[in-house]
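Residues per chain, in single letters:
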Amino acid sequence: MPSCNKCQANFNNIKSLIVHLRLLHGLTDNSKFCCNEFQCYRDFNSLNSFKKHLSKKHGNHRTNSISNTIAINSINIPITNIIETSSLIDHSSTTDTSKTQNMIIEDNLLLEFQNELKNNTLLFVTDLYGNTTLTRKHVQCVIDKVETLFEKPLRIFETYLSNVISEYNISEKDSKCLNKFLHEFQNTFQSLATEHKRFAFLEKSELFIPPEAYTVGQRYDRFKNNIATPQIYKAQHIPIHKVLKHFILLPNVLLEVLQYLEELNSELVISNIVQTEFWKNKIKGFESRSLVLPLFVYFDEYESGNPLGSHSGIHKLGAVYFSLPFLPIRYRAKLENIFLCLLFHSSDLK
């Protein structure tokens, strides 16, 4: 029975094996093929030579691969004795085990494909949002265009795949497996079609920390039918502890921070707040084993509209952000390492 040397799946004929190698493992006519038959394992540099080898050497392997005698520990035993003995053995358990192994391999391949597709999609989406020149509207437009780009070609491929399955008499099990792979690719952006879905997905994947709203207060500055009505005003904040947790857990960040702090402790010239007596007095109340790190918090106001217009100041916003002075100098000044933590209307500060 022909089998795949990459995933050990078994097939009823050589044609099914070739289709499997083409579709699931992406092999072409000029790829390297390896024979997976018992005690063969020959390599071939083209599909044509591989097919000739299978047809010539293993085409009737069910009968021809068994000679008149079988050598076991250098002792020749007549094949008739083996056949008579084997008729007393129940091979159903072996067949069931083989089927189970094939199912496990296929499930693992599908899971690997799903994870790879998910990770690449996440990288694509996060890169779009990380590009400061793209607005959220542009991000939506790009995702819609990418989805449209593959829609028609995938439908054509689906038709082609259906024809191949019919022509080569591929089993129902393998057909379902192939359709699962295709379905995953066709629905790559299904869970990311809208911004709401993307933010929910990114939050679930711990790649996005959503801002949290809280009430600043209320005031009577609006009138309805000459009656003052209270208006509730809110601000948005991004929890600092969540930002720091995700940042510190990034690869090698904590290691570089600890190495930088050790370098500062060994220097005589003061170049960082952690070297000062002021900071050393600040952390005296903490346990000696605790790692205490400073934060620099800033407040600034900016106009979101035209600051020179007659209504300047109406749309002024206040922002609180923080930086990390314990980072090495090459990282400290980067804009991506300065984090926003609070945003509110400036008039609500009064």
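Just so it is clear, the structure is predicted and the values come from calculations on it, not from any experiment. (Residues numbered from 1 in each chain as written. Predicted model: local features only at pLDDT ≥ 70, side-chain atom pairs only at ≥ 80, totals over all residues. Heavy atoms only, no water.)

A. Layout of the overall build of the chain. Counting its secondary structure elements, the chain contains 12 helices and 9 strands. The buried share of the chain, reckoned over its 350 residues, is 26%. Counted over contacts in the chain with a minimum sequence separation of 6, partners at least 24 positions apart contribute 47%. Entry remark: accessible area of the chain is about 24,700 Å², with carbon and sulfur atoms responsible for 56%. (Helix = DSSP H or I, 4+ residues; strand = E, 2+ residues; numbered from the N terminus. Buried < 20%, exposed > 50% of the residue type's maximum accessible area, 1.4 Å probe, protein only. Contact = heavy atoms within 4.5 Å. Areas by Shrake-Rupley, 256 points an atom, 1.4 Å probe, with all protein chains shown as cover.)

B. Representation of the confidence of the model for the chain. For the chain, per-residue confidence averages 79 on the pLDDT scale, and residues scoring 70 or more make up 81% of the total. Low pLDDT, under 50, characterises residues 61-91; the predicted model gives this stretch 23 contacts beyond four residues in sequence or across chains. (pLDDT = per-residue confidence, 0-100.)

C. Fine view of a nonpolar patch on the surface. A cluster of nonpolar side chains, contributed by L149, F150 and F185, occupies part of the molecular surface with about 280 Å² of accessible area. Checked against the element boundaries, L149 lands in helix 6 (residues 136-167). (Patch = residues over 30% accessible without salt bridge, like charges linked within 9 Å, V, L, I, M, F, W, Y side chains within 5 Å. Salt bridge = Lys/Arg side-chain N within 4 Å of Asp/Glu carboxyl O.)

D. Summary view of the nonpolar core. Ranked by internal contacts, the top residues of the largest apolar core, which has 21 residues, are F322 and L324. Only helix 9 (240-248), helix 10 (253-266), strand 8 (316-323) and strand 9 (339-345) provide two or more residues apiece to this core. Ranked by residues supplied to this core, first place goes to helix 10 with 5 residues. Ranked by size, the runner-up nonpolar core spans 15 residues in total, among them I18, L21, C35 and F44. (Core = buried A, V, L, I, M, F, W, Y, C linked by side-chain atoms within 4.5 Å.)

E. Focus on the packing of aromatic side chains. In the structure shown here, the tally under the stated rule is 12 aromatic pairs. Aromatic side chains F33 and F50 sit 5.2 Å apart centroid to centroid with 15° between the ring planes, which places their arrangement in the stacked category. Remark: F50 occurs in helix 2 (residues 47-57) and F33 occurs in strand 1 (residues 33-34); sequence separation between them is 17 residues. For the pair formed by F33 and F50, the shared burial category is buried. (Phe/Tyr/Trp six-rings, centres within 6.5 Å; stacked < 30°, edge-to-face > 60°.)

F. Here's a closer look at unusual backbone geometry. Phi is positive for N169, close to 50°, though the residue is something other than glycine. Topologically, N169 is positioned in the loop between helix 6 and helix 7 (172-186). Take N169: its relative accessible area is 62%, and that puts it in the exposed class. In this structure, N252 is a non-glycine residue whose phi angle is positive, near 70°. On the secondary structure map, N252 appears in the loop between helix 9 and helix 10.

G. The arrangement of the pattern of salt bridges in detail. A complete count under the given rule lists 7 salt bridges for this structure. For the salt bridge of E195 with R136, the shortest nitrogen-to-oxygen distance reads 2.7 Å. Taken together, the residues E195 in helix 8 (residues 195-204) and R136 in helix 6 connect sequence positions 59 residues apart. The exposed category is assigned to R136, whose relative accessible area is 52%. R330 is paired through a salt bridge with E256; the nearest N and O atoms lie 2.6 Å apart. Highlighted residues: R330 in helix 12 (residues 329-332) and E256 in helix 10, separated in sequence by 74 residues. Given the relative accessible area of 55%, R330 is considered exposed.

H. A look at the pairing of strand 9. One ladder, built from 2 bridges, connects strand 6 (residues 227-237) with strand 9; its direction is antiparallel. Counterpart to H237 in the pairing with strand 9 is L342. Here strand 8 pairs with strand 9 via 6 bridges, running antiparallel. The partner of L317 across the bridge, within strand 9, is H345. (Pairing = 2+ DSSP bridges.)

I. Just the environment of I209, in detail. For I209, the location among the structural elements is in the loop between helix 8 and strand 5 (212-224). On a C-alpha basis, the gap between I209 and H246 in space is 9.3 Å, while along the polypeptide they are 37 residues apart. Apart from the residues lying within four places of it in its own chain, the contact partners of I209 are I238, P239, K242, V243 and H246.

J. A look at helix 2. Looking only at helix 2, the buried set comprises L47, F50, H53 and L54. Projected down its long axis, helix 2 carries its buried residues within an arc of 125°, all on one side. When the buried face of helix 2 is taken as reference, the exposed residues oriented beyond 90 degrees from it are K52 and K56. (Arc of directions from axis to C-beta.)

K. Broad picture of the packing of helix 6 against helix 8. Where helix 6 meets helix 8, the axes come as close as 11 Å, and the angle between the chain directions of the two elements is 95°. With respect to their mutual orientation, helix 6 and helix 8 come out roughly perpendicular. Contacts from R136, V139, Q140 and I143 in helix 6 reach E195, R198 and F199 in helix 8. A per-class count over the contact of helix 6 with helix 8 returns 3 nonpolar, 1 polar and 3 charged. (Axes fitted to C-alpha atoms, helices over the stretch in contact; angles between N-to-C directions. Parallel < 35°, antiparallel > 145°, perpendicular 65-115°, else oblique. Nonpolar A, V, L, I, M, F, W, Y, C, P; charged D, E, K, R; others polar.)

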